[in-house]
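Read off the chains here:
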Amino acid sequence: MSSITADGQATHSHSSHEFGLGEFISTYVFSRDHKVIGIQFLFSTLLWFLIGGLLALGIRWQLAWPWSDMPVIGPMLFSAEGGQISPEFYTMLFTMHATVMTFLVIIPILAGAFGNYLIPLMIGADDMAFPTLNMLSYWIMWPAFFFFGASFFVAGNGASSGWTSYPPLSTMTESAPGSGPAQTMWLLGLTCVGISSMMGSVNYMTTIIQMRAPGMTMMRLPMTIWGMFITALLQAFALPVLTAAGFMQLMDRTVGTGFFAPEGLVVNNSAMAAGGGQPLLWQHLFWFYSHPAVYIMILPAMGMVSEILCCFARKPLFGYKPMIYAICGIAGLGFIVWGHHMFVSGMNPGLGMTFMVATMMIALPSAVKTFNWLGTIYGGKIQFTTPMLFALAFVSMFVLGGLSGIFMAATPVDVFIHDTYFIVAHFHYVLFGGTAMAVFGAIYFWFPKMFGRMMNEPLGKLHFLLTFIFLNGTFFTMHILGAAGFPRRLADPYHYETFRPLLPMNQFMTICAILMVASQIFFILNFFYSIFFGPKAGRNPWRANGLEWQAPSPPGHGNFDFQPIVYRGPYEYGTPGASDDFCPQTQPPQEGEAGTTGAH
Amino acid sequence: MAIFIWSAMGWYPLEGHWFPERVVANSSIDHLFYVILALTGIVFVGTGLLMFWFLWKYDGKHHEGPVFYSHGSHYLEVLWSVIPAILLLFLAIYQMDAWAGARMRRPMLENGQPKPPIARVTGRQFEWKIQYPGADQKLDTADDIYLVNELHVPRDEEIVLEITAEDVLHSFFLPNFREKQDVVPGMKQYVWFKPVKDGKFDIVCAELCGWGHYKMKGQITVESRSDYDAWLKKAYDDQELSEFTLAEAE
């Protein structure tokens, strides 16, 4: 098979013959090369990121100027209502915003795009353990894209029982517009995403365990790989539960079983046939996956940030092993804290106490990680590049998001703030302020490797600055709304006297949100311009240590043009006695150099 | 960032932008919120300042000399594991009593029986059905009083409410009472509180229940015992004079 050869650097002996359509398709479309699959995931998820962001603007529009015509697209979409967002459409907007962002953006961009692209490169392998499975894991996303996308257009305009899809609302086709065929589509889409993640997870675990280059011990793996590895474990153990629960809900909807419906339900003045179930069962099953999924959405980001911080502080990672133990601790605890989503659900209050203590404890490894990041930048020679700015933003935003989690962990406080904007503030800080910042940082960081060209730094910094300002303008204000008891998911919160004074603050947030989305134009311009016209990058433009930087940019098929052998840990920057301020993992120990054996 | 946030907050009057007025005797939720806010605030500001100080001090543009070469410190790791652990454990234990008070210690009568509910609140798309037991103090008997979205409770008494749902999940949220509980079809649950201030307050539905979720609004009125008794009697008389039958009211 032929391959993408880069700058003539790849010494793989592929003759540069003209290739036909079939070969084009097998190289760029149905490719089994992990790098192509990673980039396919990247483009798909970035497109959905844009769609998810626009859906969010719809929500914000309604909360700032309720029942007013949405500019430009309002009259096109809702001509029947005269350009206004209807309450039905509003419930669809927040349901699909969360669904898209969770299942089609954050999880696949971390595991699918960066996991695929980076794992073999960073461990010194030539590809994934199961390349065909890898290809399938991308192409099974297309039915998911189709189902989620088509659910916008079937009767009822998109699933609208919240991304948590709590029954009985989600299982009763009579209960609401949007709980018709759209909800079935939603469940099918979810199943496809689940299958894709499962294929990826098996592949990542096998690859990391089996295909490491000589000398690449587990304790020399970069933090990104540790993050991906633990994420894959979480997916392997938690995901089957969600998939099974999704099937149960599908059965409830289609063949009339009653897993989640209790006896004697009356909906729209007609009694429901099925019974014998329990609505809380779904919540237990759903959160048993979706709580660990929260860590699936942050652990790889934490790894990538560690990478970037070390590289641009020109220092070793502070506390490599404690960082790994912290990831494992977060993952382990992540399995026993799902009940904190259910403190006011009607679950046994005694269980609330248990879950509360476990949830409080999960802040501990997170604190360890934060302090180690601070230790990493301490005493360094910090270079304020765009990826570094995003990584630093990740740290500070993650601290804020993590600390606000303590409010929810405290059961009595949760009684008041549950289902208010305080929660919305918390997870947007973790997922946008945290993960999305890390993803932007990672794109700026690994872009030269992926496309062989550099991104524009001033444009990148402008993108960073605007995103950072408007992100805080949008999401910090949510804490204040939450403290006022402002509930989520209300099409018109001003229906209640209590929340009327909050309208101006919502308008401020909406303006910030619009500007935040608009700032992404600088990213899009920079990204596409640089793919074609950016200055050429060498193999190692950031002077970084990882194995991936020893491969050509972009790497050819088979990744390395030599057999990488690993002699040291991943973060040997600034080693006293070394000839340069960084020692690549492939560089054998030199004479007179301190700490040659790798991580401590 | 802090300057930005404070200036953003300063653009609007802050009334209505923090906790709604509290009208119950129990202040433990507010108190706990402020305790956590103080602790997390100190941590956030502390780590933030530390980070900015490092960024300023170790800016590669002017920081001369070799980097501080270290792979970590066992001593520091222990220190910054143990201190947060103690703080978190303190928080966890500190709030257990408030949780027990809110969810586990249901008010009792002098004879050792749990206090019966003053009313039953049933959520359904998209209204709150309220059922008072009437003169015989028993629910589901002939003298029950049925109302929609209108709940009255006497002041300075421990109020117990039975809450349930008949179609989908709803959440019984009283912002001024710091009370929130999902109502689940098939389950009977009890909430309790002691109002100390007269007035009319919102009953909010806080769990998505369909397209009309936003308008599932009720009103709770706190008044003196005598006003409450008079209101309840009037509600009963109005119902008896009404031409609707009980079956229609359902």
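Rules used throughout
Residues numbered from 1 in each chain as written. Chains lettered and ligands numbered in written order. Predicted model: local features only at pLDDT ≥ 70, side-chain atom pairs only at ≥ 80, totals over all residues. Heavy atoms only, no water. Helix = DSSP H or I, 4+ residues; strand = E, 2+ residues; numbered from the N terminus. Rg over C-alpha atoms; globule rule 2.2 N^0.38 Å. Buried < 20%, exposed > 50% of the residue type's maximum accessible area, 1.4 Å probe, protein only. Contact = heavy atoms within 4.5 Å. Areas by Shrake-Rupley, 256 points an atom, 1.4 Å probe, with all protein chains shown as cover. Lys, Arg positive; Asp, Glu negative; His and termini not counted. Charge placed at Lys NZ, Arg CZ, Asp CG, Glu CD. Salt bridge = Lys/Arg side-chain N within 4 Å of Asp/Glu carboxyl O. Pairing = 2+ DSSP bridges. Axes fitted to C-alpha atoms, helices over the stretch in contact; angles between N-to-C directions. Buried area = accessible area lost by both parts, 1.4 Å probe. Parallel < 35°, antiparallel > 145°, perpendicular 65-115°, else oblique. Left-handed = near helix turned anticlockwise from the far one by under 90°. Nonpolar A, V, L, I, M, F, W, Y, C, P; charged D, E, K, R; others polar. Expected span 1.5 Å × (residues − 1). Polar contact = N/O pair within 3.5 Å; in protein donor to acceptor, adjacent residues only side chain to side chain. Patch = residues over 30% accessible without salt bridge, like charges linked within 9 Å, V, L, I, M, F, W, Y side chains within 5 Å. Core = buried A, V, L, I, M, F, W, Y, C linked by side-chain atoms within 4.5 Å.

Undergrad: I tried to follow the overall build of chain A on my own but got confused; where do I start?
TA: From N to C terminus, chain A includes 17 helices and two strands. Relative to the 2.2 N^0.38 estimate, which gives 25 Å for 600 residues, the radius of gyration of chain A is 24 Å and therefore close to what a compact globule would have. Principal-axis analysis of the C-alpha atoms gives chain A an extent of 80 × 55 × 45 Å. Burial status across chain A gives 68% buried among its 600 residues. Considering only contacts within chain A whose residues lie at least 6 apart along the sequence, 77% involve residues at least 24 apart. For chain A, the accessible area works out to roughly 18,100 Å², and carbon and sulfur atoms hold 70% of it. Within chain A, the 25 negative side-chain charges are centred at a point lying 9 Å from the centre of the 21 positive side-chain charges.

Undergrad: How should the overall build of chain B be read in this particular structure?
TA: When you go through chain B residue by residue, the secondary structure sums to six helices and ten strands. Here chain B has a C-alpha radius of gyration of 26 Å; the compact-globule value for 250 residues is 18 Å, and the former is much larger. By principal-axis analysis of the C-alpha atoms, chain B measures approximately 90 × 45 × 35 Å. Taking all 250 residues of chain B together, the buried fraction comes to 50%. Sequence-distant contacts in chain B: of pairs separated by 6 or more residues, those separated by 24 or more amount to 61%. When the accessible area of chain B is evaluated, it comes to approximately 12,400 Å², of which 63% is carbon and sulfur surface. Across chain B, the mean location of the 23 positive side-chain charges is 3 Å away from that of the 34 negative side-chain charges.

Undergrad: Explanation requested: the pattern of salt bridges in the structure shown.
TA: Two side chains bearing opposite charge may form a pair once their charged atoms approach each other closely. For the structure shown, the criterion picks out 25 salt bridges over all chains. Ionic pairing is found between Arg120(B) and Asp140(B), a salt bridge with its closest N-O pair at 3.0 Å. Of the two residues, Arg120(B) sits in strand β1 (residues 119-124) while Asp140(B) sits in the loop between β2 (127-132) and β3 (145-148), which places them 20 residues apart along the sequence. Overall, Arg120(B) belongs to the buried group, its relative accessible area being 12%. Asp140(B) sits in the exposed class, given a relative accessible area of 51%. Among the charged side chains, a network of salt bridges with common partners joins Arg314(A), Arg543(A), Asp580(A) and Asp581(A).

Undergrad: Looking at this structure, I do not really get the sheet that holds β3(B). What am I missing?
TA: One key point about sheets: their strands pair by backbone hydrogen bonds, in either a parallel or an antiparallel sense. Residues and elements named next belong to chain B. Reading across the sheet, the five strands line up as β3-β2-β1-β5-β8 and stay open at both edges, with mixed pairing between neighbours. Both edges of this open sheet fall to β3 and β8 (189-193), since each of them pairs with a single strand only. Adjacent strand axes in the sheet meet at a mean angle of 25 degrees when their direction is disregarded. As paired strands, strand β5 (residues 159-165) and β8 are joined by five bridges and run antiparallel to one another. What sits directly across from Ile 163, in β8, is Gln 189.

Undergrad: Please explain the interface of chain B and chain A as it appears in this structure.
TA: A common way to express how large an interface is: the accessible area buried when the components associate. Opposite the 89 residues of chain B that make contact, chain A presents 115 residues. Counting the surface lost from both chain B and chain A, the interface buries some 8,900 Å², and carbon and sulfur atoms represent 74% of this. Three residues stand out in chain B for area buried against chain A, namely His71(B), Trp99(B) and Tyr214(B), and they jointly supply 9% of the buried area on that side. Across the contact surface, chain B and chain A share one salt bridge.

Undergrad: Can you walk me through the packing of helix α2 (residues 34-64) of chain A against helix α4 (residues 87-123) of chain A in this structure?
TA: When two helices pack together, their arrangement is captured by the angle between the axes and the distance separating the axes. Residues and elements named next belong to chain A. Close contact between α2 and α4 brings their axes to 7 Å; oriented N to C, the two are set at 155 degrees. In terms of their interaxial angle, α2 and α4 are classed as roughly antiparallel. The crossing of α2 and α4 is left-handed. The residue makeup of the contact of α2 with α4, split by class, is 26 nonpolar, ten polar and one charged.

Undergrad: Is there a simple way to explain α2(A) in this structure?
TA: One turn of the α-helix equals 3.6 residues, which is why residues spaced by three or four share an orientation. Residue and element names in this part refer to chain A. Helix length check: α2, at 31 residues, gives a terminal C-alpha distance of 44 Å against a target of 45 Å (1.5 Å per residue), a fit within 8%. The buried count for α2 comes to 26 of 31 residues, which makes it a mostly enclosed element. Two or three places before Lys 35, at the opening of α2, Asp 33 has a side-chain oxygen 3.0 Å from that residue's backbone nitrogen.

Undergrad: I would appreciate a short explanation of the pairing of β5(B) in the present structure.
TA: One face of the sheet, then the other: side chains in a regular strand alternate in exactly this way. Most of β5(B) sits inside the fold, with seven of its seven residues counted as buried. The alternating pattern of β5(B) places Ile159(B), Leu161(B), Ile163(B) and Ala165(B) and Val160(B), Glu162(B) and Thr164(B) on opposite faces, both of which are buried.

Undergrad: When you look at a nonpolar patch on the surface in this model, what are you seeing that I'm missing?
TA: Residues and elements named next belong to chain A. A cluster of nonpolar side chains, Leu 21, Phe 24, Ile 25, Tyr 28 and Phe 30, forms an exposed patch at the surface whose accessible area comes to about 480 Å². Checked against the element boundaries, Ile 25 lands in helix α1 (residues 21-29). You can call Ile 25 partly exposed: its relative accessible area is 33%.

Undergrad: Would you mind showing me how to read the sheet that holds strand β10 (residues 218-223) of chain B here?
TA: Residue and element names in this part refer to chain B. Judged by pairing direction, the sheet is mixed, and its five strands sit side by side in the order β4-β10-β9-β6-β7 without closing on themselves. The open sheet has two edge strands, β4 (150-154) and β7 (179-183), and neither has a second partner. Each strand axis lies, on average, 25 degrees off the axis of its neighbour in the sheet, ignoring direction. Bridge count between strand β6 (residues 170-174) and β7: five bridges; the pairing is antiparallel.

Undergrad: Even after reading the chapter, I still don't get the environment of Gln249(A), so can you show me in this structure?
TA: All names here are of chain A. With respect to the secondary-structure elements, Gln 249 resides in helix α8 (residues 223-254). Separated by 160 residues in the primary sequence, Gln 249 and Phe 89 place their C-alpha atoms 23 Å from one another. Of note is the side chain of Gln 249, whose polar atom sits 3.4 Å from the side chain of Ser 170.

Undergrad: What exactly am I supposed to notice about the nonpolar core here?
TA: Nonpolar side chains tend to gather and get buried jointly when the protein is soluble and globular. In terms of nonpolar packing, the biggest core is built from 276 residues, with Phe114(A), Ile377(A), Phe394(A), Leu161(B) and Phe172(B) touching the most fellow members. The biggest single contributor to this core is α4(A), with 25 residues. What Ile377(A) contacts, discounting residues up to four positions off in sequence, is Leu309(A), Ala313(A), Ile382(A), Met388(A), Leu392(A), Met51(B), Phe54(B), Leu55(B) and Tyr58(B).

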